[in-house]
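Coordinate inspection notes
Each chain is listed here by its residues.
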Amino acid sequence: VTKEPIQGNTVVLTIDRDLQRLAQQQLEAVCTEISSTEGAGAVVVEDVNTGEILAAASYPTYDLQHYYDDYSSLASNSRQPLFNRFALGTYAPGSTFKPAMACAALEEGVINENTTFRCSGVWQYYDVTFQCLNRRAHGSENVREALRDSCNVFFYNCADRLGITKMNEYASMFGLGEQTGVEINEASGVLAGPASAERYNRTWQMGDTIQSGIGQSDNLFTPLQLANYCATIANKGTRYECHFVKSIINTSSGSIEETGTTVAEELPISDNTFNIVHEGMRMVAQQYTLSSIFRNSGVDVACKTGTSQVIRNGEEANNGFLISFAPYENPEISIASAIELAGSGTSTAELTSSIIEYYYSNNTDEKPAQSTGSLLE
């Protein structure tokens, strides 16, 4: 019995084909430069005012046109090219968590914009000594300066004053540790706290709360979550559900059903708090190496770097993260990158800068329509 195939409806994606191609190429270049045998990572670009995913790349990857022929070798590859790192990869976010902490501390009144804590490079908490990065002493810093310098000691103090319950209340508002709503399989991640400790058969301690305040402890988030979290900061408090489907074209009638936008949550955080955090993130993009990298982006950028320690082949190494939004005034896009073994978040800035530069040099009203019904190459 033969049945004639019936043409299904056409799904129009939010993905910008050319931006996706660039993101994939630049991601591969960065990962390969870090390690030709172990380099891996992901990058996500989101429209901060709709939740549309404009580009989402994972590396290593594979050629979809040869997927079935190559499946055996792909499935046995130790580098896991079939693993979708932007949606399923979960990473300790490191200092990219600090803008959320700043929002929580400011809103709860445990600090104000002028509150300072003195950083001597170490912070004594009862019988435990916590360190700032490389034991560097930052001196007295307020919240903007602490974001700029990624001062651990400042945010240790915030975590001590807030407590894990209040910290997680704000992290949840930003969608951290939960799915973003995209139409593909995605990981939920982990929000550190007593519940996560119980799952790992241990008791939550106050020292865990301190570590959680700088994005460590049990915290594990996907690049999709980080992009959406950054988008929520950029637009000052509207968290959208992320989506890949822009519209559906009905084959029989030709009618177009727009997906539209869905607001997941309106955060009860003041514009003043967001303005302070924006200013701190802008200062990050203006310092040292980042300033020279973002100089060619064409627009002003705000960002936050992050580093988290991992053990690879029995040796300590660092993953690098960067969350960014642009333009600084009236933001349009957010970008989150997670690069394994990058050493630091700064190492991912070239990738972010190339995406921003490309987006704003090609994002015009006269941009030609992109073809549909074809594979991305």
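Here, the structure is the one placed above.
Residues numbered from 1 in each chain as written. Predicted model: local features only at pLDDT ≥ 70, side-chain atom pairs only at ≥ 80, totals over all residues. Heavy atoms only, no water.

Once that is clear, we can look at the packing of aromatic side chains. Per the counting criterion, the structure on display carries 16 aromatic pairs. Judged by centre distance (5.4 Å) and plane angle (25°), the rings of W123 and Y125 are stacked. A residue is classified by how much of its surface remains accessible, and W123, at 13% relative accessible area, is buried. Residue class for Y125 comes out buried when judged on its relative accessible area of 10%. Arranged with centres 5.3 Å apart and planes meeting at 65°, the rings of F154 and F155 form a pair that is edge-to-face. The pair formed by F154 and F155 is uniform in burial state, with each residue classed as buried. (Phe/Tyr/Trp six-rings, centres within 6.5 Å; stacked < 30°, edge-to-face > 60°. Buried < 20%, exposed > 50% of the residue type's maximum accessible area, 1.4 Å probe, protein only.)

Let us now look at the nonpolar core. Among the nonpolar cores identified, the biggest contains 74 residues, and I53, I111, F154, F155 and F174 are the most heavily contacted of them. Of the residues forming this core, the biggest block, eight residues, is contributed by helix α10 (residues 223-234). Contact partners of I53, with chain neighbours within four places excluded, come to T14, I15, V44, V45, E46, V182, L224, C242, H243 and F244. The next biggest cluster of nonpolar side chains, apart from the first, holds 31 residues, and it includes C303, I339, A342 and I355. (Core = buried A, V, L, I, M, F, W, Y, C linked by side-chain atoms within 4.5 Å. Helix = DSSP H or I, 4+ residues; strand = E, 2+ residues; numbered from the N terminus. Contact = heavy atoms within 4.5 Å.)

A few words on the sheet that holds strand β3 (residues 53-59). On the basis of which strands lie adjacent, the open sheet formed by five strands has the order β3-β2-β14-β13-β12 and antiparallel pairing. Each of the sheet's edge strands pairs with one partner strand only, and the pair in question is β3 and β12 (302-312). In this sheet, adjacent strand axes meet at a mean angle of 10° when their direction is disregarded. As defined by bridge partners, β12 adjoins strand β13 (residues 315-326) across eleven bridges and the pair is classed as antiparallel. (Pairing = 2+ DSSP bridges. Axes fitted to C-alpha atoms, helices over the stretch in contact; angles between N-to-C directions.)

Right, let's talk about a nonpolar patch on the surface for a bit. Taken together, the side chains of Y62, L64, Y71 and L82 present a nonpolar region at the surface, about 350 Å² in accessible area. In this structure, Y62 sits in the loop between β3 and α2 (67-76). (Patch = residues over 30% accessible without salt bridge, like charges linked within 9 Å, V, L, I, M, F, W, Y side chains within 5 Å. Areas by Shrake-Rupley, 256 points an atom, 1.4 Å probe, with all protein chains shown as cover. Salt bridge = Lys/Arg side-chain N within 4 Å of Asp/Glu carboxyl O.)

Next up on the list: the side chain of K304. Relative to the assigned elements, K304 resides in strand β12. The side chain of K304 is buried and forms no salt bridge, while D149, the nearest opposite charge, is found at 9.0 Å. For K304, the side chain forms a polar contact with the side chain of T305, separated by 3.5 Å. In contact with K304, not counting residues within four places along its chain, are S95, T96, K98, P99, L147, S150, M281, V284, F321, L322 and I323. (Lys, Arg positive; Asp, Glu negative; His and termini not counted. Polar contact = N/O pair within 3.5 Å; in protein donor to acceptor, adjacent residues only side chain to side chain.)

Our next topic: the packing of helix α1 (residues 17-34) against helix α13 (residues 349-362). Two quantities define a packed helix pair, namely the angle between the helix axes and the distance between the axes. As a packed pair, α1 and α13 sit with axes 10 Å apart at the nearest point and diverge in direction by 160°. Considering their axes alone, α1 and α13 lie roughly antiparallel with respect to each other. The chirality of how α1 crosses α13 is right-handed. Residues D18, L19, L22, A23, Q26, L27 and V30 of α1 pack against L351, S354, I355, Y358 and Y359 of α13. Across the contact of α1 with α13, the residue classes break down as nine nonpolar, two polar and one charged. (Parallel < 35°, antiparallel > 145°, perpendicular 65-115°, else oblique. Left-handed = near helix turned anticlockwise from the far one by under 90°. Nonpolar A, V, L, I, M, F, W, Y, C, P; charged D, E, K, R; others polar.)

Moving on, we get to the environment of D160. Here D160 is to be found in helix α6 (residues 152-162). Relative accessible area serves as the criterion here: at 34%, D160 is assigned to the partly exposed category. Distance in space between the C-alpha atoms of D160 and L74 is 46 Å, their sequence separation being 86 residues.

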